[in-house]
Amino acid sequence: MADDLRRTSTPRATRTNLVHAGTRRSQYGEVSEAIFLTQGFVYDSAEQAEARFIKAGDDEFIYARYGNPTVAMFEERIATLEGAEDAFATASGMAAVSGALMSMLAAGDHVVSSRALFGSCLYVLEEVLTRFGVEVTFVDGTDLDQWRAAIRPDTKAVFLEAISNPTLEVIDISAVSDLAHAVGATVLVDNVFATPILQRSLDLGADVVIYSATKHIDGQGRVLGGVILGTRDFIRGTVEPYMKHTGGSMSPFTAWLLLKGLETLDLRVRAQTATADHLARGLEAHPKLARVLYPGLTAHPQAATAAAQMEGGGTVLSIDVAGGQEAAFRVLNALQIFTISNNLGDAKSIVTHPATTTHQRLPDDQKDALGITPGLIRLSCGLEDMNDLLADLQAALDTA
Ligand SMILES: *Cc1c(COP(=O)(O)O)cnc(C)c1O
């Protein structure tokens, strides 16, 4: 296989890498990356098979659960984007979150995690890890004193979502990483909301970065996928043995769609962020709203942290309709362009009512503690015209 730009020593900018990094061309010289829809690979001889099982080289594959050329292209492209040594692609974002944690933890280990988590992440930390004897301490991620009090000399890992869902709190990654590294703990950041375009978590101090590629990386609502990024040692020594034997690997077709997604990721995230910013500013003083939550607003409680570690406030904002659930439902049902769903980062703008859907499972006291009020609506901004979206929201709010 001929390679493209992947072994060049000249550093290239993000947009160039998103189009070219990791490309492997077959003997046919195809322009668009090939989809290798194959489970296995043929060896020229018994000796070659034996050698490959002892140690497979960069462009040598054994079985699709272990690796595949299309999946390897995706891994290399996103590792280049993130500035990570290596990446392992997974079947979904949750395969990435659970795989990263399960592969590195053992009974008796201690983990500290922020409490405001995506529902399934909370389940893995609270219900699964603890069943295998891992102790988990939850903290308010925005309160450094709580991190300081919870991190112990024997803490093995720290887990956080850089921007929480759905209230969009921003966690100071550098400060938390300093506390974790002082005791030798590994910092794992679920960076879905911040995106690899707006935030460089590894530079801020994270050791491992995790994405649900289902969100912005696909960005067109087509597939589930995920990825774990970190040092070559961690990815190949810790994550890969666990993932390849437990089965959460990415399919080649998914990898191909995500390669196409990466080509336009920078353009899409920046356009969607500009829209979210426009909507947040346009709605900030709206009389029907009790709160507008957006990390790019100066009124946001962690505005300084957001400005220091992110380039822009992200593609999602939340609004709290003053009249509670009844008024919020009227707004949802009146929207014409926003569709009611629960994905985010999609080209289509999506509206979600967390209290009755994504966070329905939480008891009321936990919803209160996390600020998930009955009037709260999460808005994921798509690629439509920003003024059309603002007009859609203003008209819907008139019904509240
Ligand atoms: C969606 C999401 C996940 C899970 O990803 P899937 O691809 O749905 O498995 C994990 N963390 C965050 C923050 C998410 O938004």
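Every value quoted in this text rests on a predicted model; they were computed, and no experiment measured them. (Residues numbered from 1 in each chain as written. Predicted model: local features only at pLDDT ≥ 70, side-chain atom pairs only at ≥ 80, totals over all residues. Heavy atoms only, no water.)

Participant: Run through the pairing of strand S9 (residues 226–230), naming residues and quoting values.
Facilitator: Of all 5 residues that make up S9, 5 are buried, and the element is covered over most of its length. Of the two faces of S9, the one holding Gly 226, Ile 228 and Gly 230 and the one holding Val 227 and Leu 229 are both buried throughout. Of the strand pairs in this sheet, strand S3 (residues 86–90) and S9 are connected by 5 bridges, and their pairing is antiparallel. Note that in S9 the partner of Asp 86 across the bridge is Gly 230. Looking at chain direction, strand S8 (residues 208–212) and S9 are connected through 4 bridges and run antiparallel. Each residue of the ladder has a partner; that of Ile 210, found in S9, is Ile 228. (Buried < 20%, exposed > 50% of the residue type's maximum accessible area, 1.4 Å probe, protein only. Helix = DSSP H or I, 4+ residues; strand = E, 2+ residues; numbered from the N terminus. Pairing = 2+ DSSP bridges.)

Participant: Run through the site of the ligand, naming residues and quoting values.
Facilitator: Residues in close proximity to the ligand total 13 residues, the closest being Met 94, Asp 190, Ser 212, Thr 214 and Lys 215. One of the backbone nitrogen or oxygen atoms of Gly 93 is found 2.8 Å away from an oxygen atom of the ligand. Side-chain polar atom of Ser 212 to an oxygen atom of the ligand: 2.8 Å apart, as the coordinates give it. Contact with the protein chains hides 92% of the accessible area of the ligand, taken as 380 Å² for the molecule alone. (Near = heavy atom within 4 Å. Polar contact = N/O pair within 3.5 Å; in protein donor to acceptor, adjacent residues only side chain to side chain. Areas by Shrake-Rupley, 256 points an atom, 1.4 Å probe, with all protein chains shown as cover.)

Participant: Got a sec to walk through the packing of helix H4 (residues 93–104) against helix H10 (residues 232–246)? Specific residues and values, please.
Facilitator: Look at H4 against H10: their axes get within 9 Å of each other, and the N-to-C directions meet at 110°. By the angle class used here, H4 and H10 are roughly perpendicular. The residues of H10 that touch H4, namely those facing Ala 95, Gly 99, Ala 100, Met 102, Ser 103 and Met 104, are Phe 234, Thr 238, Val 239, Tyr 242 and Met 243. Looking at the contact of H4 with H10 residue by residue, the class counts come to 8 nonpolar, 3 polar and no charged. (Axes fitted to C-alpha atoms, helices over the stretch in contact; angles between N-to-C directions. Parallel < 35°, antiparallel > 145°, perpendicular 65-115°, else oblique. Contact = heavy atoms within 4.5 Å. Nonpolar A, V, L, I, M, F, W, Y, C, P; charged D, E, K, R; others polar.)

Participant: Quick one: what's the story with the environment of Val 139, residue by residue and with numbers?
Facilitator: Inspection of the secondary structure assignment puts Val 139 in strand S5 (residues 135–139). Distance in space between the C-alpha atoms of Val 139 and Val 112 is 7.3 Å, their sequence separation being 27 residues. When sequence neighbours within four positions are dropped, the list of residues in contact with Val 139 reads Val 112, Ser 113, Ser 114, Arg 115, Gln 146, Trp 147 and Ala 150.

Participant: Residue-level account of H10, with values.
Facilitator: The first and last C-alpha atoms of H10 sit 20 Å apart over 15 residues, in line with the 21 Å expected at 1.5 Å per residue. Along H10, the sharpest kink reaches roughly 45°, centred on Val 239 and followed within four residues by the proline Pro 241. Listed as buried for H10 are Phe 234, Ile 235, Val 239, Glu 240, Met 243 and Lys 244. On the buried face of H10, the contacting elements are S3, H4, S8 and S9. (Expected span 1.5 Å × (residues − 1). Bend = angle between axes of the 7 residues up to and from the residue.)

Participant: Help me get a handle on unusual backbone geometry, residues and values and all.
Facilitator: Look at the link from Asn 165 to Pro 166: it is a cis peptide, with omega at 5°. Locating Pro 166 in the fold gives a position in the loop between strand S6 (155–161) and helix H7 (173–182). The backbone of Leu 168 shows a phi angle near 60°, a positive value even though the residue is not glycine. Relative to the helices and strands, Leu 168 is located in the loop between S6 and H7. Residue classification places Leu 168 among the buried residues on the basis of a relative accessible area of 1%. You will see that Thr 195, though not glycine, has its phi angle at about 65°, which is positive. Topologically, Thr 195 is positioned in helix H8 (residues 195–198). Residue classification places Thr 195 among the buried positions, given a relative accessible area of 0%.

Participant: Would you mind going over the confidence of the model for the chain in detail, with residue names and values included?
Facilitator: Note that predicted coordinates carrying low pLDDT should not be read in detail. Across the chain, pLDDT averages 95, with 98% of residues at or above 70. Counted against residues more than four places away or in other chains, residues 1–6, with its pLDDT under 50, gives 19 contacts. (pLDDT = per-residue confidence, 0-100.)

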